[in-house]
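# Coordinates in review
So the chains spell out like this:
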Amino acid sequence: MRIGVIGGGAWGTALAQVAARSGEEVLLWAREPEVVASINHAHENTRFLAGIALPASIRASGSLGDLAGCDALLVVVPAQHVRAVLSETAVGATPLVLCAKGIEAGTRLLVGEVAQQLHPDSQIAVLSGPTFAHEVAAGQPTAVTLACADEALGAALAERLGGPAFRPYASTDVVGAEIGGAVKNVLAIACGVVEGAGLGQNARAALIARGFAEMTRFGLARGARAETLSGLSGLGDLVLTCSSTSSRNFSLGMGLGQGKRAADLLSDRLTVAEGAFTAPVLSEAAAAAGVAMPVVEAVCDLLDGRDVRSVIDALLARPLTRE
């Protein structure tokens, strides 16, 4: 199987490394010429994943047309850019494995729904779970959800990508895997705020639990299965990104909790904190579905520039209710 990876950031490079370790030939598309040159000549992505040696079986290209002939395409560009990149890519009936986490602004579509709209002949799979790119690339033990409505295709993809240190668990709940990944990014910002504002470990644990309740309510309203949301792509990913500064979203939240402006924090970043773009879209989608998501609303308020203390006080002043 020849694997194509669309996206030359840290996560795309880490997944290329995973596929190469499994013995696959890998072609990675990157927009940045310096990334293409670095991978092809130095066998390292010095811009986004410095210090990780890449095998010669990973080749990079700046042309999407070179991906023709791949047996599967891993889509690893930021969620808000998926439509633009896939619109330029000749996919045909090639399976698409979506590795971006988010909801498209304007349409409120999940990434898989965007991909299916653009390429209706392609089968869609979602790879999601608790994953920091540098750990995956270094070969540290990692488990993920690989969701695909076609169980045979899902099994084949898991077989090709899986290895001793990278364990894909099969699911047919594509929507659930996507929603877990999208919502946890927003909740990770909230947990970063707790850390930045010095609110303590009790508050963080409570926020994770209440945030998971919001994720579950929204997921069930969109047709997800509860067991998916409580699995690797939901709760598992939530726990990871809500507890480490290696999470871009958590780090963004820390800055907000310290009183810094969202615009300044976002402009100073090499990589994308997806939750900042997902939060307002998720809030709109939740309102349309009649789902209460007060933690998500609080994150939106902070991203809009509201004072940290007033947002926290408003959240804590909500009426008491049943769990």
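Refer to the structure printed above.
Quick look at the structure, then.

So, how was this worked out
Residues numbered from 1 in each chain as written. Predicted model: local features only at pLDDT ≥ 70, side-chain atom pairs only at ≥ 80, totals over all residues. Heavy atoms only, no water. Helix = DSSP H or I, 4+ residues; strand = E, 2+ residues; numbered from the N terminus. Expected span 1.5 Å × (residues − 1). Buried < 20%, exposed > 50% of the residue type's maximum accessible area, 1.4 Å probe, protein only. Polar contact = N/O pair within 3.5 Å; in protein donor to acceptor, adjacent residues only side chain to side chain. Contact = heavy atoms within 4.5 Å. Core = buried A, V, L, I, M, F, W, Y, C linked by side-chain atoms within 4.5 Å. 1 Å grid on protein atoms, 1.4 Å probe; cavity = no way out; pocket = protein on both sides within 12 Å on 5 of 7 lines; lining within 4 Å. Points joined across faces, edges and corners; volume = space filled by probe spheres on them. Nonpolar A, V, L, I, M, F, W, Y, C, P; charged D, E, K, R; others polar. Pairing = 2+ DSSP bridges. Axes fitted to C-alpha atoms, helices over the stretch in contact; angles between N-to-C directions. Salt bridge = Lys/Arg side-chain N within 4 Å of Asp/Glu carboxyl O.

## Points about helix α7 (residues 174–196)
The α-helix advances 3.6 residues per turn, and as a result positions three or four apart in sequence lie on the same side. The terminal C-alpha atoms of α7 lie 34 Å apart, and with 23 residues this matches the ideal 33 Å at 1.5 Å per residue to within 8%. The buried count for α7 comes to 21 of 23 residues, which makes it a mostly enclosed element. The positive-phi residue at the C-terminal boundary of α7 is Gly198, with phi of around 65°.

## Here's the deal with the side chain of Ser38
The residue Ser38 is located in helix α2 (residues 33–42) in this model. Overall, the relative accessible area of 9% leaves Ser38 in the buried class. Here the side chain of Ser38 touches Thr46 through a polar contact of 3.2 Å, side chain to side chain. With sequence-adjacent residues up to four places away left out, Ser38 is seen in contact with His43, Glu44, Asn45 and Thr46.

## A short note on the nonpolar core
Val183, Phe218, Leu252, Leu256, Leu282, Met293 and Leu303 are the most contacted members of the largest nonpolar core, which totals 47 residues. When contributions to this core are tallied by element, the ones reaching two or more residues are α7, α8 (201–221), α11 (248–257), α12 (262–267), α13 (274–289), α14 (294–303) and α15 (308–316). With 11 residues, α7 is the largest single contributor of residues to this core. Setting aside residues no more than four positions away along its own chain, Val183 makes contact with Met215, Phe218, Leu282 and Met293. Leu15, Val26, Phe48 and Ala72 belong to the second largest nonpolar core, which has 39 residues in total.

## With respect to unusual backbone geometry
Despite not being glycine, His43 has its phi angle at roughly 55°, a positive value. Mapping His43 onto the fold places it in the loop between α2 and β3 (58–61). In the Ramachandran plot, Arg108 falls in the positive-phi region, its phi being about 60° despite a non-glycine side chain. For Arg108, the position within the fold is in the loop between β5 (96–98) and α4 (111–118).

## Observations regarding the layout of surface pockets
Taken as a whole, the largest pocket spans an internal volume of roughly 1100 Å³. Ala10, Trp11, Arg248, Thr271 and Val272 are the residues nearest the centre of the largest pocket, which is lined by 39 residues in total. Grouping the amino acids of the lining of the largest pocket by side-chain chemistry returns 16 nonpolar, 15 polar and eight charged. Here the second largest pocket defines a volume of roughly 740 Å³. What lines the second largest pocket is a set of 24 residues, among which Arg210, Val295, Leu315, Leu316 and Arg318 lie closest to the centre. When residues of the lining of the second largest pocket are traced back to their parent elements, those giving at least two are α7, α8, α14 and α15. By residue number, the principal contributor to the lining of the second largest pocket is α8, which donates six residues.

## With respect to the sheet that holds β3
Read across the open sheet, the eight strands follow the order β3-β2-β1-β4-β5-β6-β7-β8; overall the sheet is mixed. The strands lining the two open edges of the sheet, one partner per strand, are β3 and β8 (166–171). Shown here is a sheet whose adjacent strand axes are inclined to one another by a mean of 25°, direction ignored. Across the sheet, helix α1 (residues 10–21) lies against β1 (2–6), β2 (25–29), β3, β4 (72–75), β6 (124–128) and β8, angled at about 170° from β2, the strand it touches most.

## A closer look at the pattern of salt bridges
Enumeration according to the criterion identifies 13 salt bridges in this entry. For the salt bridge of Arg2 with Glu25, the shortest nitrogen-to-oxygen distance reads 3.5 Å. With Arg2 in strand β1 and Glu25 in strand β2, this pair connects stretches of sequence that are 23 residues apart. Overall, the relative accessible area of 46% leaves Glu25 in the partly exposed class. Salt-bridge contacts for Arg309 lead to Asp313; the nearest nitrogen and oxygen are separated by 3.2 Å. Of the two residues, Arg309 and Asp313 are both situated in helix α15; the distance of four residues between them amounts to about one turn of the helix. Accessibility expressed as a relative area gives 42% for Arg309, which makes it partly exposed.

## Examining α14
For α14, the buried fraction is high: eight of the 10 residues fall into the buried class. Three or more residues of α14 are buried, namely Pro294, Val295, Val296, Ala298, Val299, Cys300, Leu302 and Leu303. The positive-phi residue at the C-terminal boundary of α14 is Gly305, with phi of around 100°.

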